[in-house]
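This is what each chain is made of:
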Amino acid sequence: MAEHCLRFPGSNDQPAVLIVPPLFDEANRMRRTLVLMMRTLSALGTSSHLPDLPGQNDSLVDTEAVSLNDWRCALAAVAAQENRPILVASWRGGALIDDAVANALGWWRMAPIAGATIVKAMIRTRIACDKESGRQSGAEAIRASAAEGPVELAGNFLSAAMLDGLDAATPSLVEPLRQLSPSDVGGSALWLRAEPGEDAAMAEAMAADIHSWAAICAAR
Amino acid sequence: MSDGAAMVEATVRATLVDILGISASRAAAFDETTPLFGALPELDSMAVATLLTELEDRLGIAIDDDEIDVDMFETFGALVRFAVGKALN
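Conventions and cut-offs
Residues numbered from 1 in each chain as written. Chains lettered and ligands numbered in written order. Predicted model: local features only at pLDDT ≥ 70, side-chain atom pairs only at ≥ 80, totals over all residues. Helix = DSSP H or I, 4+ residues; strand = E, 2+ residues; numbered from the N terminus. Rg over C-alpha atoms; globule rule 2.2 N^0.38 Å. Buried ≥ 20, exposed ≤ 12 C-beta atoms within 10 Å, placed from the backbone. Contact = placed C-beta atoms within 7 Å. Axes fitted to C-alpha atoms, helices over the stretch in contact; angles between N-to-C directions. Parallel < 35°, antiparallel > 145°, perpendicular 65-115°, else oblique. Nonpolar A, V, L, I, M, F, W, Y, C, P; charged D, E, K, R; others polar. Domains from an automatic or database assignment. Expected span 1.5 Å × (residues − 1). Pairing = 2+ DSSP bridges. Right-handed = clockwise from strand over helix to strand, strands pointing away. Core = buried A, V, L, I, M, F, W, Y, C linked by C-beta atoms within 7 Å.

Draft legend 1. Highlighting the overall build of chain B. Helix and strand counts for chain B stand at four helices and zero strands. In terms of C-alpha radius of gyration, chain B reaches 12 Å, essentially the compact-globule figure of 12 Å for 89 residues. In terms of overall dimensions, chain B has C-alpha extents of about 30 × 30 × 20 Å along its principal axes. Counting across all 89 residues of chain B, residues that qualify as buried make up 31%. For chain B, restricting intrachain contacts to residue pairs at least 6 apart in sequence, the fraction spanning at least 24 positions comes to 71%.

Right, here's the structure in full:
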């Protein structure tokens, strides 16, 4: 099933940027700032693509039906439609799948995390919600229940395959890679915000950094 | 307060700034008795789970789910005491 992909235009003689957003809730908290960043990239002459991963954002696919491998295939398919050389830019959990674009010019990562950390935070949210509604639950029981069917974690229905895949996933070694933390662009960890916010200055700083890194990678 | 404890306290403050989206100056005014859970509407179940996981990462500690107790989020002082106990022992 075709997924929506937000695209901003740029010059044909500059690399295009494929954006791999954070996963699950963190994607929602970052989206506004990522789109602000895409506008700035476009103004700098760099085109960018922000695809919906199957089961994420506006996708019609159920989250429980997808695996990490499906996400990799989806990214590779978006990259295959682009004629220009590609720089892959990922945020947080996006770094777990950004190696799917094998022939990229280079990679840019913001605060990558291990899949196991994502699972841990989601299971904790579930335990806390259970506690608030007077149910006792534990991490082991929740994981065990995934064998019988998708488990609901912080509003996401995840299959056992997705949980196992995330648990084992760490960002791959890719090269050339530029890796930043929010303080490098004068920003903050917007993906952690309980109430989503936006940061135009951070968006502009990220765009400028990605734009110049793409030029460096293209000149190699 | 030892240097180590002061560093842990600064990390807890910075993590709260990121999660609650409050200003650094507002967080700087948090003291021992500042109430957290219940007093800050942003601090819901998901925010608490995010906070714990982020503190583990930033302080290099491991928090067992059995250790998690609502009392440790009651005040800023209680949260710092818990984090210092984990990070410096």
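Additional details are given in the paragraphs that follow.
Draft legend 2. Focus on the packing of helix H3 (residues 115-132) of chain A against helix H5 (residues 160-168) of chain A. All names here are of chain A. Two elements in contact, H3 and H5, have axes separated by 5 Å at closest approach and are oriented at 125 degrees. Classified by the angle between their axes, H3 and H5 sit oblique to one another. For the pair H3 and H5, the contacting residues are Gly 115, Ala 116, Ile 118 and Val 119 in the first and Leu 163, Leu 166, Asp 167 and Ala 168 in the second. The residue makeup of the contact of H3 with H5, split by class, is six nonpolar, one polar and one charged.

Draft legend 3. The interface of chain A and chain B, seen in detail. Residue-level contacts link 19 residues of chain A with 18 residues of chain B. Looking at the side of chain A that touches chain B, the element that brings in the most residues is H3 of chain A, giving nine residues. For the side of chain A that touches chain B, the residue count by class is nine nonpolar, five polar and five charged.

Draft legend 4. Representation of the domain arrangement of chain A. Residue and element names in this part refer to chain A. Looking at the assigned domains, one finds that chain A contains domain 1 (5-113 + 172-219) and domain 2 (116-170). The straight-line distance from the C-alpha centre of domain 1 to that of domain 2 is 26 Å. Taken together, the 12 residues of domain 1 in the interface contact 13 residues of domain 2. Taken together, the residues of the side of domain 1 that touches domain 2 sort by class into six nonpolar, three polar and three charged.

Draft legend 5. Local environment of helix H3 (residues 45-59) of chain B. The end-to-end C-alpha distance of H3 of chain B, which contains 15 residues, comes to 21 Å, matching closely the 21 Å that a straight helix rising 1.5 Å per residue would cover. Buried residues of H3 of chain B: Met 46, Ala 47, Val 48, Ala 49, Thr 50, Leu 51, Leu 52, Thr 53, Glu 54 and Leu 55 of chain B, and no others. If you follow the buried residues of H3 of chain B, they end up packed against H3 of chain A together with helix H1 (3-20) and helix H4 (76-87) of chain B. Gly 60 of chain B sits one or two positions beyond H3 of chain B and adopts a positive phi of about 65 degrees.

Draft legend 6. Structural context of the pairing of strand E2 (residues 16-20) of chain A. Residue and element names in this part refer to chain A. For E2, the tally of buried residues reaches five of five residues, placing the bulk of the element in the interior. The alternating pattern of E2 places Ala 16, Leu 18 and Val 20 and Val 17 and Ile 19 on opposite faces, both of which are buried. Relative to strand E4 (residues 86-91), E2 runs parallel, the two being bridged by five bridges. Along E4, the bridge assignment pairs Ile 19 with Ala 89. Inspection of the sheet shows E2 paired to strand E3 (residues 48-51) by two bridges, in the parallel sense. Counted as the bridge partner of Val 17 is Ser 48 from E3. Once you follow E2 into helix H1 (residues 25-43) and on to E3, the crossover reads as right-handed.

Draft legend 7. Fine view of the environment of Pro 35 of chain B. Residues and elements named next belong to chain B. Within the secondary structure, Pro 35 sits in the loop between helix H2 (24-28) and H3. Residue Pro 35 is classed as partly exposed on the basis of its C-beta count, with 13 C-beta atoms lying within 10 Å. Excluding its chain neighbours within four sequence positions, the residues that come into contact with Pro 35 are Glu 74 and Thr 75.

Draft legend 8. Quick peek at the nonpolar core. Of all hydrophobic cores here, the largest spans 89 residues; its most connected members are Val 17, Leu 18, Leu 75, Leu 87, Val 88 and Ile 210 of chain A together with Leu 79 of chain B. Residues from two domains meet in this core; each of domain 1 (5-113 + 172-219) and domain 2 (116-170) of chain A gives at least three. Residue contacts for Leu 75 of chain A: discarding those within four places in its chain leaves Leu 18, Val 20, Pro 51, Ile 97, Ala 100 and Val 101 of chain A.

Draft legend 9. Quick peek at unusual backbone geometry. Residue and element names in this part refer to chain A. The omega torsion of the bond from Glu 175 to Pro 176 falls at -5 degrees, within 30 degrees of zero and hence cis. Looking at where Pro 176 falls in the secondary structure, it is placed in the loop between H5 and strand E8 (177-180). Its identity is not glycine, yet Arg 92 carries a phi of approximately 50 degrees, on the positive side. Looking at where Arg 92 falls in the secondary structure, it is placed in the loop between E4 and strand E5 (106-110). Using a count of 26 C-beta atoms within 10 Å as the deciding quantity, one classes Arg 92 as buried. The residue Ala 111 is not glycine, and still its phi comes out positive at about 45 degrees. Relative to the helices and strands, Ala 111 resides in the loop between E5 and H3. You can call Ala 111 buried: it has 20 C-beta atoms within 10 Å.

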